[in-house]
Protein chains: 2
Amino acid sequence: MINQVIDLKSIDQNKIIDQIRCLGIDMIHEANSGHPGIVLGAAPILYALYAHHLKYDIDDPNYYNRDRFVMSAGHGSALLYAMLYMVGYLSIEDLKKFRKIDSITPGHPEVGVTPGVDCTTGPLGQGFATAVGMAIGEANLRKRFNVIDHYTYVLCGDGDLMEGISYEAASLAGTLKLNRLIVLYDSNNICLDGSTKQTFNDNIGMRFISQGWNVISVEDGNSYEMISKAITEAKASLEKPTLIEVKSTIGKYSKLEGTNKVHGSPLDDEDITTIKEKMGLRDIPFQVSQQLCEEFQALIVDRCKNLNQKFLEAVSKMSAVDKLDLEYFMNKEKRIDFKNYVYESPEDKIESPRDTSKKVLNSVVANSPYMMGGAADTFGPNKTYIEEAGDFSKENPLGKNIFYGVREHAMGAITNGLSLMGYRPYCSTFLSFSDYLRPALRMASLMRLPNIYVFTHDSISVGEDGPTHQPVEQMLGLRSLPHFDVFRPADANEVIGSYKSIFAKTEDPAAICLSRNKLPILDCTKASEVEKGGYIVLDNKNKLDGIVLSSGEELHMVLEAVNHLKTLGMNIRVVSMPNIKRFLAQDDEYKESILPVGVKKIAVEAASSMSWNSLIYNDKYLITLDTFGASGNYKDVYQKYGFDVESLERKIDELLK
Amino acid sequence: MINQVIDLKSIDQNKIIDQIRCLGIDMIHEANSGHPGIVLGAAPILYALYAHHLKYDIDDPNYYNRDRFVMSAGHGSALLYAMLYMVGYLSIEDLKKFRKIDSITPGHPEVGVTPGVDCTTGPLGQGFATAVGMAIGEANLRKRFNVIDHYTYVLCGDGDLMEGISYEAASLAGTLKLNRLIVLYDSNNICLDGSTKQTFNDNIGMRFISQGWNVISVEDGNSYEMISKAITEAKASLEKPTLIEVKSTIGKYSKLEGTNKVHGSPLDDEDITTIKEKMGLRDIPFQVSQQLCEEFQALIVDRCKNLNQKFLEAVSKMSAVDKLDLEYFMNKEKRIDFKNYVYESPEDKIESPRDTSKKVLNSVVANSPYMMGGAADTFGPNKTYIEEAGDFSKENPLGKNIFYGVREHAMGAITNGLSLMGYRPYCSTFLSFSDYLRPALRMASLMRLPNIYVFTHDSISVGEDGPTHQPVEQMLGLRSLPHFDVFRPADANEVIGSYKSIFAKTEDPAAICLSRNKLPILDCTKASEVEKGGYIVLDNKNKLDGIVLSSGEELHMVLEAVNHLKTLGMNIRVVSMPNIKRFLAQDDEYKESILPVGVKKIAVEAASSMSWNSLIYNDKYLITLDTFGASGNYKDVYQKYGFDVESLERKIDELLK
């Protein structure tokens, strides 16, 4: 397809841009669904980037040292796919299947589905913040391996910049001086409901400057040359990330141009015909000029020739250790790494689960080439600070501790960005505030990223801080996320088992929910059993009067209550259930061996009942919590809601009698 | 208690401030839990406000035209409670019970629990954004009723300003020119994990100016006079909200002052003794000078004398209509207002639930004195724009349509603020993006505010936009929120019934989840039955082979499938379940009449299975969705996941055979 004799200087690049525009609106017309406004308005922006700056390999979308591109304005998928057609990653057939079931050109970009898509986007602001994570990753890798040196680009719109997550991420990016992050802001003053004037009057330039960014303005968004010049300037920034505000016209050339009507609905036939006429083209859907395709590819080949090959050669010359390390990032299959993990049980036989977690993380992270993470201003309470790993900053990009500040949402998306770069990242906050990063957790689940979330202060046993800080419904929420693994270990043994289970998988996110309180290390718990989700911790040879299931801190009270009932002659089995979903996924034989049919079962967890409904068929056997907690000493709070040993004993006794 | 002969000019106000500080640290010491840093650092800020600016009635914390105060830095509860002791709303006994179970002085401020607390706070950023809602409400009320004219004040810290929600809310407040919103920013450069330098370098002044705010700086945060002067200046702002950056020292006078160590743990005995020594006081816990209390109250009485009385007199002179309207805001019990509600079924017998919702809202809101709401740049798709109600702005504060922009999270908190002012507010976005406002939904549930959430695009039937826009686990998440009501109507009749059920309650939030698609208006659905949560829509006199439960759009496919199976001789009942929680709350007799024991039951909903586990005991009878959706025409998407009529018929037939 590539014709090397093309005179690059003679290419009429605006014609290529128009071809991209036409493909985009044809796709939307064919799908009868999509967003033509950004296709027509922002095509020159994407073109300037892909034709003149973005480093990639037209033969290998996975070239590791490629510049990353995140279409944060994910509704611009048609524009991106049209561009990826020009690159050669997609076919006209793919474009024709835009937004159709089981195609590789879905409604919003999805990583892993479409070659050349670096990140799933759609929910506004997520892409912007995820790119900050990619840029952090790049900065860290660049320092470690001299073969890494790429940029991270974002295309975003007004919607992205209205979302709080973009402010959070921008504030952190400015503080961390991520100079290789370049955001192209498609500024058209139009949002879905009309003019942005009515709702969004930030002085964007001043705002980004106040957050430590370099800001460049491009007045004519239809000029790829001016946009390209701005990108050149942005790449030269040494201390600051750059925002390039490109003043564009939404729906350029449409009869609806400059209005919100062109944002999210297909154009009518007449409009499409007129648009193509303005470009000197006949309205034949999906017609492309082969010459324009060849010219575009010639530009790319000239600019990106052998980049990948040179990179791989450089990698091959690296030291064996470095090469092995870098390969973790380049190759998903190589990512399991629990071998360096060492943890010894504390001598005093009592330890807060978050302290055990601290020891596990400290032993693993410092030695792992691909773990990196942080906390949302909660290193202290979460105990996720890695002592010997240093703090990530411009001055120390080798540091592994990321001080996210009180920015849970950006933390979630940045964690996704690190994951997309090949890291096995972790992040942490209070379980109650996992709500703040919920949209980013969903993206992690959707992209099946192997992130680790350390959520401490996992129940009403938070105590004094009261109901705003006491999670109740959060574990259910996490358990309901597809592909998302949730562990709630009861003690140090189960914390270790949970981490082992998490590390044994190389995809899908997992949360570990930890009590803040000091808890005895039980004789009956077993790290090795955690992976099954649920197992027997106290049994009885006689005919069972019943089985009590529990998790986390409440397991301790359950054991005490049941042990006392045992002295009174009752035959009760206790099952620890650190991971309900994993237990439900076991085979029937195992499940039956733990929870035999015909025996009464009670679940005890100071959290939403709905987590347990599939195991406990009668609601009266649920000792759970469907209301908010209260402020007080944690023992008083447990008692108030009936989770103290005495209340549990009475209730279990009543139910099993 | 009040001594009118006090010479106000002779009062040593710094002594009062020190007394507040001492009470705060004594409370934290007694509770052995709390945040002394803000008590010591920000006492002069709160004092300047309460002594010299805030308008309130020391005898009636509910005086309606009081200035509102929101402690966004909710961990400063000890400071606030000490202040409220000085005001006279709390006793020393209350302070001694700080953070203890069932006290009225919980760990973080809770509205409805503590007199003088206007808003529950704790999760950072929520208070800031909620105050923006209060200020919107005030602006609207001030235009409507000339007796309303108060300010809304916020005390916030660095943590609040790092949260994305504060940027969102500030951006909107600037656009709406809420000049009576005054934020006191306790700027001490310290966050939980250390210096803010490492993570937060926004130029705060420039940032707020870029968002259309007036910014005032107070260099000496220990000077209540300078702070007071800044507040006077802020009150004079006519076009812009004001941020007053008060440079303070966290933990002032403690040996740990100026460090993160003083933020969140009680001080040791020695430190407390030394602090009190510096103030010339002996360390006797909870010792107060009665004279200082009297002096403080004399200041307030002098400044706020008869404000409430004058307000009530002015109200009594209002027109009968206005008075009735204003009383809605002043009096919770008067808030039911469905009488103006008129809706006629469309003639063509087919209508998208979101269109029915539009008609209901349009008929109610324009006529209701206390409804107001908006959308997160989604008025178009949500259909929540009220045609004859005008758009809220500085120029038109009577407008009821709030253009929130793409700021779901701030929208959620602002809705809470409107609710706290007495409005019955609503807001809207796609159901999938309800995740973005999740933390604010939780606050609404905790405060039991009667907000209405209109969440459209309620399932995979969103179609082309793909999995990022297709909710799956969101309804379960909403259903898991304590006090939160979730409706998923199947057609126009049930939309009407859902709204009626929502309006019939005056507390607790409710969401109505609506399909985007046009759906037939069924003969078998009944508006009047919705309040029961579930009811029979298709029955069979013969012995039942089974019962199929469903909700929303899927009910249509279920009915079609079952009607066909009926012609083949099967006896199947169909139950519409627009509100599972309400059904579960019915008495046993009703539930048994709908879902008799011993009959097989199947649930059909294109959403998380866990919502249905308490009704369906065997997971194989759940035709639900525990994975993400896909991009494609909605019929293809339904088919891919087995929710088309043919698949349902086959599955139901198999399960009931």
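The rules we used
- Residues numbered from 1 in each chain as written.
- Chains lettered and ligands numbered in written order.
- Predicted model: local features only at pLDDT ≥ 70, side-chain atom pairs only at ≥ 80, totals over all residues.
- Domains from an automatic or database assignment.
- Contact = placed C-beta atoms within 7 Å.
- Helix = DSSP H or I, 4+ residues; strand = E, 2+ residues; numbered from the N terminus.
- Nonpolar A, V, L, I, M, F, W, Y, C, P; charged D, E, K, R; others polar.
- Pairing = 2+ DSSP bridges.
- Axes fitted to C-alpha atoms, helices over the stretch in contact; angles between N-to-C directions.
- Buried ≥ 20, exposed ≤ 12 C-beta atoms within 10 Å, placed from the backbone.
- Least-squares fit on C-alpha atoms with pLDDT ≥ 70 in both.

One can read the domain layout of chain A as domain 1 (8–307), domain 2 (350–520) and domain 3 (530–656). Using only C-alpha atoms to locate each centre, domain 1 of chain A and domain 3 of chain A end up separated by 53 Å.

So, about the interface of chain A and chain B. Quite often, the size of an interface is put as the accessible area lost when its parts meet. With 87 residues of chain A in contact, the opposing surface of chain B contributes 88 residues. Put simply, the parts of the chain that give the side of chain A that touches chain B at least two residues each are α6 (158–162), α7 (164–175), α8 (204–210), α15 (379–382), α17 (438–447), α18 (474–479) and α23 (634–640) of chain A. Ranked by residues supplied to the side of chain A that touches chain B, first place goes to α7 of chain A with eight residues. Looking at the side of chain A that touches chain B, its residues break down into 33 nonpolar, 34 polar and 20 charged.

As a further point, take the sheet that holds strand β11 (residues 424–430) of chain A. Residue and element names in this part refer to chain A. Strands sit in the order β10-β9-β11-β12-β14-β13 across an open sheet of six strands; the sheet is parallel. Pairing within the sheet leaves two strands with one partner each, and these edge strands are β10 (401–403) and β13 (485–487). Going from strand to strand, the sheet's axes swing by 20° on average, the running direction of each strand aside. For strand β9 (residues 371–375) and β11, the ladder comprises five bridges, and the chain directions are parallel.

As a further point, take the pairing of strand β19 (residues 601–604) of chain A. Each regular strand displays side chains that alternate between the two surfaces of the sheet. Residue and element names in this part refer to chain A. Where burial is concerned, the two faces of β19 agree: the one with K601 and A603 and the one with I602 and V604 are both buried. With four bridges connecting them, strand β17 (residues 546–550) and β19 associate as parallel partners. Across the sheet, the residue bridging to L549 is A603, located in β19. The sheet contact formed by β19 and strand β20 (residues 622–623) spans two bridges and is parallel. By the bridge assignment for β20, A603 is matched with L622.

We now examine the relation of the copies chain A and chain B. For the pair chain A and chain B, the best superposition has an RMSD of 0.0 Å and corresponds to a rotation of 180° with a translation of 0.0 Å parallel to the axis. With respect to symmetry, the two chain copies, as superposed, fit the operation of a two-fold axis. Residues of chain A ranked by C-alpha distance from the rotation axis are headed by G164 of chain A, positioned 1.9 Å from it. When you check the interface residues of chain A against chain B, 100% turn up at the interface there too, and the contact is symmetric in its surfaces.

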